[in-house]
Structure formats: C-alpha cells, structure tokens
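Letter by letter, the chains look like this.
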Amino acid sequence: PRLQLLELLGPAGGGLASALGRSGGGAAAAAPAGLGLRLCLGGWGSLVNPTGVAACPGSGRLAVAHDGKKRIHVFGPSGFCLRRFGERGDASNDIKYALDVTVTSDGHVVVTDGGDCSVKAFDFEGRGVLAVREGFCLPWGLDATPKSEVILTDSEAGALYRLAADFQRGELKKCQMIRSRLVSPRAVAVCQTSGAVVVIEHLKARGASKGSTRVTIFSAEMDLIGQMDSFGLNLVFPSRIYATAVAFDKEGRVIVTDVCSQAVICLGKPEEFPTFNPLISHGLSYPVGLTYTANNSLVVLDSGDHSVKVYSS
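Cut-offs applied
- The residue count restarts for each chain, going from 1 along the sequence in the order it is written.
- Totals for whole chains, interfaces and linings use every residue, but because this is a predicted model, local features are given only for residues with pLDDT of at least 70 and side-chain atom pairs only at 80 or more, for both listing and counting.
- Water and hydrogen atoms were dropped before computing side-chain values, which therefore reflect all heavy atoms in the structure.
- Pairs were defined over the aromatic rings of Phe, Tyr and Trp, the Trp ring being its six-membered one, requiring ring centres within 6.5 Å. Orientation was assigned from the angle between planes: stacked under 30 degrees, edge-to-face over 60, tilted for the rest.
- A helix here means a DSSP run of H or I that spans at least four residues, while a strand means a run of E at least two residues long, and both kinds are numbered starting from the N terminus.
- Remark: exposure states derive from per-residue accessible area (1.4 Å probe, protein chains only) relative to the maximum for the residue type, with buried under 20%, exposed over 50%, and partly exposed in between.
- Within this scheme a cavity is a closed region of a 1 Å grid, computed over the protein atoms alone, that accommodates a 1.4 Å probe without allowing it to escape, whereas a pocket is open but has protein on both sides within 12 Å along at least five of seven lines; lining residues each have an atom within 4 Å of a point.
- Grid points are joined across faces, edges and corners, and a volume is the space filled by probe spheres set on the points.
- Strands qualify as paired when DSSP identifies two bridges or more between them.
- All axes are obtained by fitting lines to C-alpha atoms, using only the stretch in contact for helices, and the reported angles, taken between N-to-C directions, cover 0 to 180 degrees.

Engineer: Lay out the packing of aromatic side chains in plain terms, naming residues and giving numbers.
Structural biologist: Taken as a whole, this structure holds two aromatic pairs when the rule is applied. When the centroid spacing of 5.4 Å and the interplanar angle of 45 degrees are considered together, the rings of Phe-85 and Phe-122 count as tilted. One end of the pair, Phe-85, is in strand 5 (residues 81-87); the other, Phe-122, is in strand 8 (residues 118-123), with 37 residues separating them in the sequence. Phe-85 sits in the buried class, given a relative accessible area of 5%. With centroids separated by 5.3 Å and ring planes inclined at 85 degrees, the aromatic side chains of Phe-136 and Tyr-161 adopt a geometry described as edge-to-face. In this pair, Phe-136 is assigned in the loop between strand 9 (128-132) and strand 10 (139-144) and Tyr-161 in strand 12 (residues 159-166), connecting sequence segments 25 residues apart.

Laid out in structure tokens, this is it:
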C-alpha cells in the first residue's frame, strides 16, 4: 500500500489531450473510433481500493480483488454481483492483502496475497482449493495461460514464475522460475494466441526523480523480444508514461494503462513495439487493472473511484 500511495502522490505528467496537441496530431489521427463505456460496476463501499481484475474465458464473469471484508467479488456479464468470498483474516484460506487476480480456463480464481506472500486458488463458489506459500518473497501480478497454468511475478525477488497445478484436486504440480534479474516486476499478461509474456517493471528512482516503469516482452520460450522504459516511450509519445497494468488484446497487441495521463494506450504487437495508439483518453482517475472479456470488451479497473469500467465498440 505504501508503494501504491507514493505512486499516487508522485507528480502527474501532462494530460493526454495536451500531449496529443504537442505531437502534431499524428497520434490523434491513429486513435481508433467507437470504444464507448458500456458498464460501470462497483464504486466506493461496494469495492474498496481495488487492485486487480480478471475475466473468466468461458462464462464472461469478472473477478475483482479489493480491500473489503471479503476480498474477491465476482460479477456477472450484466454487472450484478454474483458472489463475494476470500475473508479478511489469518486462516489458511483467508486473504490478508490481495494484490492481483486471474481466472483459469477451468474456472478457478487465483489470487496473489501480499499479506503472507502466497498464491491462493479458489473455485467460483469461494472454496479454497490450494495455497502456495513456499519460495516467494512478494508475489504480485499474475495471468493464466490457455492450459490453466499461471505466470506470476515476484516483485521483491525480481523473478517470473510458471505455476502448474491440478486445481480440481488441490495439487501443486510445478512452480518454476522462468526468468530472473527483473527490476520490481508487477503486472504481467500472457498472449492467449502466441504465448508471449509482457511484464511491467518498476525502476528505482535516481536522485530527485520519482522512478519510472519499463515494458518488457518475452516470447513463449522466454526470449527477450522488446523492451522500452518511460524515457524511451517518451520519445514515441511526448508525455511521461507510468504504466501500471498490461494486457494483450485478441490481435496480440500490447495494451497498457498510464496513470500519468489517466489513459489506456495500445503499444502495438511485439514485432512492431512500440507504436502509440490511445484507446481511452478520458473518464479514468487512476487505472490499475486491465483485461479483455471473451467478446472483446475492454475492462479497466479504476482505483481512483473504486470502480470497474467496461468498454466496447
């Protein structure tokens, strides 16, 4: 929470509209038309300081991690809250502080718990099926592969892990470090078609600076494809970008949230990375989560007003 508070209090960059004005209109001309807000869920009281959002590939349900009494809320496609689970507490299946959430293709909700540095899995009824506590320093972001494996970051260890489990039986099969020497990796996303992995690293501040972020892309075999920090992105887009969440769209393009310009930006496919294409340029306060539903609706988690915003064309 202190890390997130420091980022929130840091100096914001120029707004998206003013930056587009400085760019001579080229980026504005590339902006796609037709993305409109279709649904807004939550709000203060319903959600408290939400930290992660994920979509179920099959049912279209949304799982949201937040800081309320029950840490996980499950919303149906229409926006109705279907279930709340993940009690705040010290029992083995309780959640102390949820940092991120994902939903596997076989319908299990997997959560990173920063409170006891663990990864916990639940079914959609809220029953705890597995808890992995060994070996992590600070597990943070996670995303599920089409095979129901989980790729997760360990922010403090600077590592990326692949976790395989039989969630039906509650058995851990493998938890393997697949990349090390990253700098405070947090958000992560897996491309459902190519298997590529994108990570948001949070670089340490130097001198009086407030630090920056770096978008790093790996192939399915974990070879480095592309990498660009805030300074490099600033050469493409004339405003400081501080990325907090990342996702792949159905075409395999990298999408990030930027808390400086309060926007959602498309950075293009890994082979053309980075391009600049603003998807959402207004209506957000502090976007910290990002996912796509099966019908290609874009879901943004906005912790500034404790809401989930669903956009569609």
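Engineer: Can you break down empty space enclosed by the protein residue by residue, with the values?
Structural biologist: Counted under the stated rule, the structure contains one cavity of 30 Å³ or more. Computed from the structure, the largest cavity encloses a volume of approximately 30 Å³. Put simply, the parts of the chain that give the lining of the largest cavity at least two residues each are strand 8 and strand 9. Of the residues forming the lining of the largest cavity, the biggest block, three residues, is contributed by strand 8.

Engineer: Which residues make up the sheet that holds strand 21 (residues 277-280), and what values go with them?
Structural biologist: A sheet is described by the order of its strands in space; here four strands give the open sequence 18-19-20-21, paired in antiparallel fashion. At either margin of the open sheet sits one strand with a lone partner, and together these are strand 18 (243-248) and strand 21. Between one strand axis and the next, the sheet turns through 30 degrees on average, direction left out of account. Pairing between strand 18 and strand 19 (residues 254-258): five bridges, direction antiparallel. The residue bridging Val-246 from the neighbouring strand is Val-256, located in strand 19.

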